[in-house]
Structure formats: C-alpha cells, structure tokens
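Observations on the model geometry
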Amino acid sequence: MDCHIELFADDAWHSAARVSFSDDVRAGFRGDECVFEYALDYVFGAVREPVSLTWPVDTERHKLSAWPSFLYDLVPQGNGRKFLLGQLQLADGQAADVPLLCAGAFNSIGRLRLREAVAYFEQHVERHDLVVNGFAFDELLLRAPAFHETMMVHGMLSGGGTGIQGVAPKYLLTEADDGRWYPDAALPDARARRHYIVKRPRGATEADRKVLRNEAAYLKTARLAGLRVSPMPQLHGDMLFILRFDRRCEDGKVLRFHQESLASLAGQAGFGMQANLFDLLAAMRRVVSDPARETREFIQRDILNLAMRNTDNHARNSAVQTVDGVTRLTPLFDFAPMYLDPEGITRAARWYRPDSRVELKQWTDILPLLALPTAEYEALVRAMIDFGDVVGQLSATMVEAGVEPDIVAFLLPGIEEQRRQLLALGKP
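Residues numbered from 1 in each chain as written. Predicted model: local features only at pLDDT ≥ 70, side-chain atom pairs only at ≥ 80, totals over all residues. Heavy atoms only, no water.

A side chain of one charge can pair with a side chain of the opposite charge when the charged atoms of the two come close. A full pass over the atoms with the stated rule returns 38 salt bridges. We note a salt bridge from Arg-81 to Asp-92, for which the minimum N-O separation is 2.9 Å. With a gap of eleven residues between them, Arg-81 in helix H2 (residues 78-88) and Asp-92 in the loop between H2 and helix H3 (97-104) connect regions that are remote in the sequence. Overall, the relative accessible area of 55% leaves Asp-92 in the exposed class. Among the charged side chains, a salt-bridge network with shared partners connects Glu-206, Arg-209, Lys-210, Arg-213, Glu-404 and Asp-406. (Salt bridge = Lys/Arg side-chain N within 4 Å of Asp/Glu carboxyl O. Helix = DSSP H or I, 4+ residues; strand = E, 2+ residues; numbered from the N terminus. Buried < 20%, exposed > 50% of the residue type's maximum accessible area, 1.4 Å probe, protein only.)

Read from one edge of the open sheet, five strands run S4-S3-S2-S1-S5, paired in antiparallel fashion. If you trace the sheet from one side to the other, it starts and ends with strand S4 (61-64) and strand S5 (112-114), each paired once. The sheet shows a mean angle of 30° between the axes of neighbouring strands, direction not considered. Here strand S1 (residues 2-9) pairs with S5 via three bridges, running antiparallel. Note that in S5 the partner of Ile-5 across the bridge is Leu-114. (Pairing = 2+ DSSP bridges. Axes fitted to C-alpha atoms, helices over the stretch in contact; angles between N-to-C directions.)

So, on to the packing of helix H13 (residues 374-392) against helix H15 (residues 405-424). Closest axis-to-axis distance for the H13/H15 pair is 8 Å, and the angle between their directions is 155°. Put simply, H13 runs roughly antiparallel to H15. Read as a crossing pair, H13 and H15 show a hand that is left-handed. Taking contact as the criterion, the partners of Met-384, Ile-385, Phe-387, Gly-388, Asp-389, Val-391 and Gly-392 in H13 are, on H15, Ile-415, Gln-418, Arg-419, Leu-422 and Leu-423. Within the contact of H13 with H15, the residues separate by chemical class into seven nonpolar, three polar and two charged. (Parallel < 35°, antiparallel > 145°, perpendicular 65-115°, else oblique. Left-handed = near helix turned anticlockwise from the far one by under 90°. Contact = heavy atoms within 4.5 Å. Nonpolar A, V, L, I, M, F, W, Y, C, P; charged D, E, K, R; others polar.)

Right, let's get into the pairing of strand S15 (residues 319-323). The element S15 is largely enclosed, with a buried count of four among its five residues. Inspection of the sheet shows strand S13 (residues 258-261) paired to S15 by four bridges, in the antiparallel sense. Its bridge partner being in S15, Ser-261 is matched across the sheet by Ala-319. Pairing of S15 with strand S16 (residues 326-329) involves four bridges; the strand directions are antiparallel. Among the inter-strand pairings, Val-323 is bridged to a residue of S16, identified as Val-326. Here S15 folds back onto S16 in antiparallel fashion, the turn holding two residues, of which Asp-324 has a positive phi close to 55°.

To continue, consider the sheet that holds S13. A sheet is described by the order of its strands in space; here three strands give the open sequence S13-S15-S16, paired in antiparallel fashion. Sheet topology places S13 and S16 at the edges, where each strand pairs with a single neighbour. Geometrically, the sheet is characterised by an average inter-axis angle of 20° between neighbouring strands, direction not taken into account.

Among the structural elements, Asp-341 can be located in the loop between S16 and strand S17 (349-350). Classification of Asp-341 by relative accessible area gives buried; the value is 5%. At 2.7 Å, the side chain of Asp-341 and the side chain of Arg-202 are in polar contact. Once you skip the residues sitting within four places of it in the chain, Asp-341 turns out to touch Arg-202, Asp-208 and Val-211. (Polar contact = N/O pair within 3.5 Å; in protein donor to acceptor, adjacent residues only side chain to side chain.)

On to the nonpolar core. Among the nonpolar cores identified, the biggest contains 53 residues, and Phe-298 and Met-398 are the most heavily contacted of them. Setting aside anything within four residues of it in sequence, one finds Phe-298 in contact with Leu-262, Leu-277, Leu-280, Leu-281, Met-284, Leu-329 and Trp-351. Of all hydrophobic cores here, the second largest spans 33 residues; its members include Cys-3, Val-51, Trp-55 and Leu-101. (Core = buried A, V, L, I, M, F, W, Y, C linked by side-chain atoms within 4.5 Å.)

Our focus in this paragraph is unusual backbone geometry. Even without a glycine there, the phi angle at Asp-324 is positive, about 55°. In this fold, Asp-324 is placed in the loop between S15 and S16. By relative accessible area, which is 64% here, Asp-324 ends up exposed. For Ala-371, which is not a glycine, the phi torsion comes out positive at approximately 55°. Relative to the elements of secondary structure, Ala-371 occurs in the loop between helix H12 (363-366) and H13. Here Ala-371 falls in the exposed class, since its relative accessible area comes to 71%.

A few words now on the packing of helix H11 (residues 291-307) against H15. Running from amino to carboxyl end, H11 crosses H15 at an angle of 145°, the nearest separation of the two axes being 8 Å. Taking contact as the criterion, the partners of Ile-303, Leu-306 and Ala-307 in H11 are, on H15, Leu-411, Gly-414, Ile-415, Gln-418 and Leu-422. Looking at side-chain class alone, the contact of H11 with H15 contains six nonpolar, two polar and no charged residues.

The buried fraction of S1 is high, at seven of eight residues. Examined bridge by bridge, S1 and strand S2 (residues 12-20) share eight bridges and lie antiparallel to one another. Among the inter-strand pairings, Cys-3 is bridged to a residue of S2, identified as Val-19.

Structure follows, in structure tokens:
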C-alpha cells in the first residue's frame, strides 16, 4: 500500500514523497517494511521544501521499522476518526491508521496532504451530490437545517474536519469573498478571505461549556503575560471561532505554512503516549531559528499550564511552524481550564529526569538539566525570575482578561506556588 504525500508551495500542490507500507494486515500496519522516499522529480525540481523538518530532501530510499513520525500529525483523531471509521466500516485500533490516513488526510493543518485522501474526498462529494452555497453567519450560530445537513450528515468530510485532531467537536470553516461561510474543503482558494477553526464543547455538561467559555480569556491572559498568542478567538453562543494561523490569504491566494507537532519532531509514534518535556524541548531546539527565544517561550507556557491548570498538554498540543523563512513555536493553542473536564484529564507531558522516569516538579531542579550554554542558561534564569513577577500578578491579569471568578479563586494556590518557585531561582 502506497501513500503519496503532496506539499503546497508557490500556489500549487507538488507530489513530494511516497511512503510504502506492508500489505500484511496481520502486521497491524505498525510500519513493518515501511519505506519512505522523496520523488526524484521533486528532489531535482524548483521546490525542494521538506515534508518534515526531520526529513531533509534527499535521494535516499529509507527502509524503516516504524512510520515517519510526521505522518501521525495527519491521521484523523477525535470526531473525525469516529466518522471515518464508520464510513470505512473499520474497527478502531492501530490497524486502522493507514486506511484512515489514506481517506482523511486531504485537508490537514499545515501544507501537507495525501493524494489518496484527496481522491477519496472527491468520490465522497460525487456520491452525495454535495453542493454548498455557503451560510450566513446567523445560520451558523443557529445551526440552520442546511448547515446541520452539511456539517453533520455529510460529516467531517464535507467540512474538511478529518484533518484536525482532538476530542472536542471542531469545524473548519472559511469566510469567503461574498461574506458567507463555507466548509473549508468546499471553497476554492481564490475565494477565501479568512480561515477559522470553530470549536464546540467536548461534551454536554456545564463543565464542558465552562471550559469553552473560558478558553478565549485564558488565551488573553497568556497574551497579557507576554506569550505568543494569535488574534483573540471570539465566543458566539457555544461556538468558539479561532482564526487559523497555518494559513494567510494574500492577493487572492492562500499561503499554507509548514506546521509540525513536537511529537513529530521528537519521533513520537502513535497517540496517548506519556512524553518527556526534556525530549520535546530538545527536539524543538534542533529546528527553530532562535533556540534561546523559543526555549523561554516553551518554559513560560508550561509555567502557565501549571499555574492555570491546563492539564491537556500532550505532545501534539504544541507545534512549530515556518513562516517567511523563520521557524518557531506556533502561537499558543488549546489553552483552557482543562482541570474542569469531566473525564479528569491529567498532564500527558512531564519533566522526567533524563536518566530515569523520576518526575521533577521544581524549576530549581529542572533548569540546570537543560544542558544549555552558560551564557544562555544564565539569561534564561534571569528571564524566569522576572517572569515570577508576572506570575505574581496572574490573578489580577486573569480577572482583567475575563476568566470567571471561581476559576481564579481556585487557582490562587497553584499561582503562588509557581511564583515562589521562580523567585527561588534567584536565591543562592
């Protein structure tokens, strides 16, 4: 079974690479006899952008014992996975990953897609005679019958939503040149003006709604604290509209930027794995343009995760992107009071001592193990001590940002603990 990877650059899709899998279903498609190679026409063509920051363009035929990890960024998860499993009549499990990839990776976050998935989507549209005339904004908010038909009955394919991972229901929607809103995969690039991810609560409980209500306020808090955050999401009813940062509309064209999770950069296969933040940070530092700056951002994000109890910190909730030749962490995303989630989400990525699985919880223990050059380490410590003052004002910042008062009150002990730890870095 072959999967052909296409990459978007210079306003066109290019056939970039191929991954060949064993056809032995008994192998569970775990990557047995998996081969990855760039297309020779691509290697010697005008566009030579890598499909992954860990896979530079070359002429080698790479025989692998496991998937190239960047492919897991393209595998449908959450509601998109459930929808496609039903369409393909497959039981869930690791053996379903390759069929899901070849059906669902036609409109992924970033600038990659699979040729086989594009063909599957086109066949789906033809089978269902799917014609979309767009929706007024009020129709989206009211979930008018036509919108519901397009987004739910025709499912995640019509909305392009198999390319976005996560448990919470999400739509990929595009605001067009006529002011109407379209499923992302149904609109030509020339008509696009702004691209959005639209999130709904993970479940039907008040706690689920509360998490979504406070996500925008959490992101505003992070911005006020000096972190990198994209334009603020807008909450309308139970729908959170998030402007996408993996795309930019410019002069009637859509620019798609490379985006890759830290799980991919660290070679982490599969899903739901316990990651070591030391490993994720090291993987990030190998590819970003300014490692010192991005290290500060990475650690400050984790400080806020701890202080504000955003427990959903798995390795695919952090990513890098390359924009205008600069590679750095994406703007912060999926940052919310996830400690409220009824499923009891716990931190999936932690600071484990490199020579053991002992978790480190004090910044005075963590920072010295980062193995940084002396000057960079000293600058990092000074920056974290200064950030302690920012954390000390965090409760007031959260109130200013609109976080609900009972959440702020609950978080006060954790905020104070993070402030104390950061200020302790300055003590002999």
